[in-house]
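# Geometric and topological summary
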Amino acid sequence: MGNITFVMIKPCAVSHEHIGEILSIINKAGFHFVSIKMLHISKSQAEKFYAVHAEKSFYKDLVEFMSSGPIVAAILQKENAVNDFRKLIGNTNPANADEGTIRKMFATSVQENAVHGSDSDENAVIESNFFFSQIERFYR
Ligand code: CMP
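The present account deals with the structure reproduced in this document. (Residues numbered from 1 in each chain as written. Predicted model: local features only at pLDDT ≥ 70, side-chain atom pairs only at ≥ 80, totals over all residues. Heavy atoms only, no water.)

## Quick notes on the overall build of the chain
Along the backbone of the chain there are 7 helices and 4 strands. Scanning the chain from its N terminus toward the C terminus, one meets helices and strands in the order β-α-α-β-α-α-β-α-α-β-α. Relative to its full complement of 140 residues, the chain shows a buried share of 45%. In the chain, once contacts between residues fewer than 6 apart in sequence are set aside, the share between residues at least 24 apart is 76%. Only carbon and sulfur atoms are counted for the fraction: they give 52% of the accessible area of the chain, which is about 7400 Å². With 14 positive and 16 negative side-chain charges, the chain shows a spacing of 2 Å between the two charge centroids. (Helix = DSSP H or I, 4+ residues; strand = E, 2+ residues; numbered from the N terminus. Buried < 20%, exposed > 50% of the residue type's maximum accessible area, 1.4 Å probe, protein only. Contact = heavy atoms within 4.5 Å. Areas by Shrake-Rupley, 256 points an atom, 1.4 Å probe, with all protein chains shown as cover. Lys, Arg positive; Asp, Glu negative; His and termini not counted. Charge placed at Lys NZ, Arg CZ, Asp CG, Glu CD.)

Spelled out as structure tokens, the structure:
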């Protein structure tokens, strides 16, 4: 069981001014911020980050969307971080997300679903390494 996960606040939630609310919910749920930054990723960076979905029908649209405006990227620390964070954000499709989850509150569609969270400990490490160097990390 790992103790970090990786999160992105997606362009839709950034443009709707939800950064502060989402970060506050994450903090109140007991996650410690190890690293955090705001940046605008290029198409080729989005392609690399989501390479695992390259064969999916939604891949091209996803890449366009994720490179359409700034995002907030962060590494979070907590016991059982990946699973606890997935519970906090809710189902990928906001129509199926539970009340009180971040996606229920802020997502507008399955693509514009407000936040990304790692789906495994292995991917949490890979995704964290994609965005942050070791000297940008402040563990508890
Ligand atoms: P995320 O958790 O970032 O991982 C992959 C993303 O692909 C997902 O959230 C959605 O934003 C996007 N996506 C678009 N269409 C679909 C779909 N039909 N099923 C799953 N993910 C989708």
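## Remarks on the packing of aromatic side chains
Following the criterion strictly, the structure yields 7 aromatic pairs and no others. On the basis of an interplanar angle of 65° and a centroid distance of 5.7 Å, the ring pair of Phe 49 and Phe 131 is categorised as edge-to-face. In this pair, Phe 49 sits in helix 3 (residues 43-49) while Phe 131 sits in helix 7 (residues 121-131), placing the two residues 82 residues apart along the sequence. Pair check on accessibility: Phe 49 and Phe 131 agree, each one buried. A centroid spacing of 5.1 Å and a plane angle of 55° characterise the contact between Phe 130 and Phe 131, whose relative ring orientation is tilted. On the basis of relative accessible area, Phe 131 is assigned to the buried category, the value being 7%. In this structure an aromatic cluster arises from ring pairing among Phe 6, Phe 49, Tyr 50, Phe 130 and Phe 131. When the ring centre of Phe 31 is taken as reference, the NZ or CZ atom of Lys 78 above it lies at 5.6 Å. (Phe/Tyr/Trp six-rings, centres within 6.5 Å; stacked < 30°, edge-to-face > 60°. Lys NZ or Arg CZ within 6 Å of the ring centre and 35° of its normal.)

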